[in-house]
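Breakdown of the fold
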Amino acid sequence: MTGCLHKAGSPICYKDEEEIRMNLKGRHFLKLMDYTPEEILHLVDLAEKLKKEKKQGILHRHHEGKNIALIFEKTSTRTRCAFEVAARDLGMQATYLDPSASQIGKKESIADTARVLGRMFDGIEYRGYGQEIVEELAKYAGVPVWNGLTNEFHPTQMIADLLTIREHLGRIKGVRFVYMGDARYNMGNSLMVTCAKLGMHFVACTSKNYFPDAKLVEYCENVAKETGATITLSEDVETATKDADVIYTDVWVSMGEPDEAWAERIKELLPYQVNAKVMENAGANAIFMHCLPAYHDLNTTVGREVYEKFGLEEIEVTNEVFESSQSVVFDEAENRMHSIKAIMLATLGE
Ligand code: CP
Ligand code: NVA
């Protein structure tokens, strides 16, 4: 195994130097299903390298003078800021498009918007609803399109999460990864695909009504046969979280879902809240992860509304776990910027 870019004992290494020279120039980044394990790990490696360079004050303005468009049909803190800062670090200018103030969707189709923006920009980020919208954008844009979150997938988050896991656990392959809560939306789907691709042991620990889509589970099980991953769906918290390396959760009601969903979610998912008992069962070396934003106290409008209606002070994760030394959520948030920079750099040309 020569020329391996990964840490010692890395799961998937390249056979020779030739294969290391991975060329992702011109590719879209829409979902991890489109990428091989080697390509995914290449992005993690590149993110790690860019992070080191940034900390050392080494500039990497490899795309000086280029322009990117950021389309956000849903709100964002991390993803928008990560794209804007990363773009600037690469020497590029970012234009933020708020759909309420542009023609997108209402007066101009996605295909037409893609062809217009593709003439002016070197890359386009899209955050919104159905995955088919970002796929359509990619079909017509003629420049790389990056998925900044859809209902189905959140792929840029995956590169940040893998980097964070490797930084804290020193490895990716073989990691026992437990996802609790709403496993049938963008985060549960993306993490299951990621674990399958990289030979990790994925457990969706939740009510059976919130298990991931059966077709996607089948796809992941097939990938798992090649990579040594395992995919488990379990309603039993004690067995599912025992000796886990990573406990991961996300909000129970996602952007774009109706407020009325809260009653049902709380009823179904409260047994799957990440609390001290879960972390104890996982063990002292386990890390807690969350893509953020998180409802762990009453310092948010939604958190207070849920408290007033349902009497719940903390929702998908307790404040104790969120603030504990096992929680790596802010490393994860920082890594969004380094990994989004890696994705843009690789697809625009290294
Ligand atoms: N994790 C994440 O995508 O955060 P934002 O919604 O703030 O972008
Ligand atoms: N599932 C969440 C993820 C936020 C980053 C949502 O879609 O709102």
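One structure accompanies this document, and this report is about it. (Residues numbered from 1 in each chain as written. Chains lettered and ligands numbered in written order. Predicted model: local features only at pLDDT ≥ 70, side-chain atom pairs only at ≥ 80, totals over all residues. Heavy atoms only, no water.)

**Considering the site of ligand 1**
Surrounding ligand 1, one finds Ser76, Thr77, Arg78, Thr79, Arg127, His154, Gln157, Cys291, Leu292 and Arg336. One nitrogen or oxygen atom from the side chain of Arg127 is found 2.9 Å from an oxygen atom belonging to ligand 1. Measuring from a nitrogen atom of ligand 1, one finds a side-chain N or O atom of Gln157 at 3.0 Å. Protein burial of ligand 1: of its 260 Å² of free accessible surface, 96% is covered by the chains. (Near = heavy atom within 4 Å. Polar contact = N/O pair within 3.5 Å; in protein donor to acceptor, adjacent residues only side chain to side chain. Areas by Shrake-Rupley, 256 points an atom, 1.4 Å probe, with all protein chains shown as cover.)

**Describing the packing of helix 2 (residues 37-55) against helix 6 (residues 155-169)**
Between helix 2 and helix 6, the least distance of the axes is 9 Å, while the angle of their chain directions is 70 degrees. As judged from the angle between their axes, helix 2 and helix 6 are roughly perpendicular. Along the contact surface, helix 2 presents Ile40, Leu41, Leu43, Val44, Asp45, Ala47, Glu48 and Lys51, while helix 6 presents Ile159, Leu162, Leu163, Arg166 and Glu167. Grouping the amino acids of the contact of helix 2 with helix 6 by side-chain chemistry returns eight nonpolar, no polar and five charged. (Axes fitted to C-alpha atoms, helices over the stretch in contact; angles between N-to-C directions. Helix = DSSP H or I, 4+ residues; strand = E, 2+ residues; numbered from the N terminus. Parallel < 35°, antiparallel > 145°, perpendicular 65-115°, else oblique. Contact = heavy atoms within 4.5 Å. Nonpolar A, V, L, I, M, F, W, Y, C, P; charged D, E, K, R; others polar.)

**With respect to the sheet that holds strand 2 (residues 93-97)**
Strand order across the open sheet formed by four strands is 2-1-3-4, with parallel pairing between neighbours. Since the sheet does not close on itself, it has two edges, and those belong to strand 2 and strand 4 (145-147), each with one partner. Averaged over all adjacent pairs, the angle separating strand axes in this sheet is 20 degrees, with direction ignored. Inspection of the sheet shows strand 1 (residues 67-72) paired to strand 3 (residues 123-127) by five bridges, in the parallel sense. Each bridged residue has a counterpart across the sheet, and for Ile68 the counterpart in strand 3 is Gly123. (Pairing = 2+ DSSP bridges.)

**With respect to the side chain of Thr206**
Position of Thr206 relative to the elements: it lies in the loop between strand 6 (201-205) and helix 8 (214-227). Within the structure, the side chain of Thr206 is placed 2.7 Å from the backbone oxygen of Gly181, a separation counted as a polar contact. Excluding residues within four positions of it along the chain, Thr206 makes contact with Gly181, Ala183, Phe211, Ser234, Glu235, Leu269 and Tyr272.

**Describing the pattern of salt bridges**
If the charged atoms of two oppositely charged side chains come close together, the side chains can form a pair. Here the structure, examined in full by the defined rule, presents 18 salt bridges. Measuring nitrogen to oxygen at the nearest pair gives 2.8 Å for the salt bridge that ties Lys51 to Glu167. Here Glu167 lies in helix 6 and Lys51 lies in helix 2, a separation of 116 residues in the sequence. Of the charged contacts in the structure, one is a salt bridge between Arg61 and Glu64, with a shortest N-O distance of 3.0 Å. (Salt bridge = Lys/Arg side-chain N within 4 Å of Asp/Glu carboxyl O.)

**Description of the site of ligand 2**
Lining the immediate surroundings of ligand 2 are Leu149, His154, Asn186, Asp250, Val251, Ser254, Met255, Cys291 and Leu292. Here ligand 2 has 270 Å² of accessible area as a free molecule, and 95% of this is covered by the chains. Split by residue class, the shell around ligand 2 holds five nonpolar, three polar and one charged.

**Description of the packing of aromatic side chains**
One pass over the structure, following the stated rule, counts eight aromatic pairs. Relative to Trp146, the ring of Phe83 has its centre 6.0 Å away and its plane inclined at 35 degrees; by these criteria the two rings are tilted. With Phe83 in helix 3 (residues 78-89) and Trp146 in strand 4, this pair connects stretches of sequence that are 63 residues apart. Put simply, the rings of Phe177, Tyr179, Phe202 and Tyr248 touch in pairs and so form one group of aromatic residues. The ring of Tyr35 has Arg27 lying over it, and the distance from NZ or CZ to the ring centre is 4.3 Å. One Lys or Arg, Arg80, reaches over the ring of Tyr96 and ends 3.5 Å from the middle of that ring. (Phe/Tyr/Trp six-rings, centres within 6.5 Å; stacked < 30°, edge-to-face > 60°. Lys NZ or Arg CZ within 6 Å of the ring centre and 35° of its normal.)

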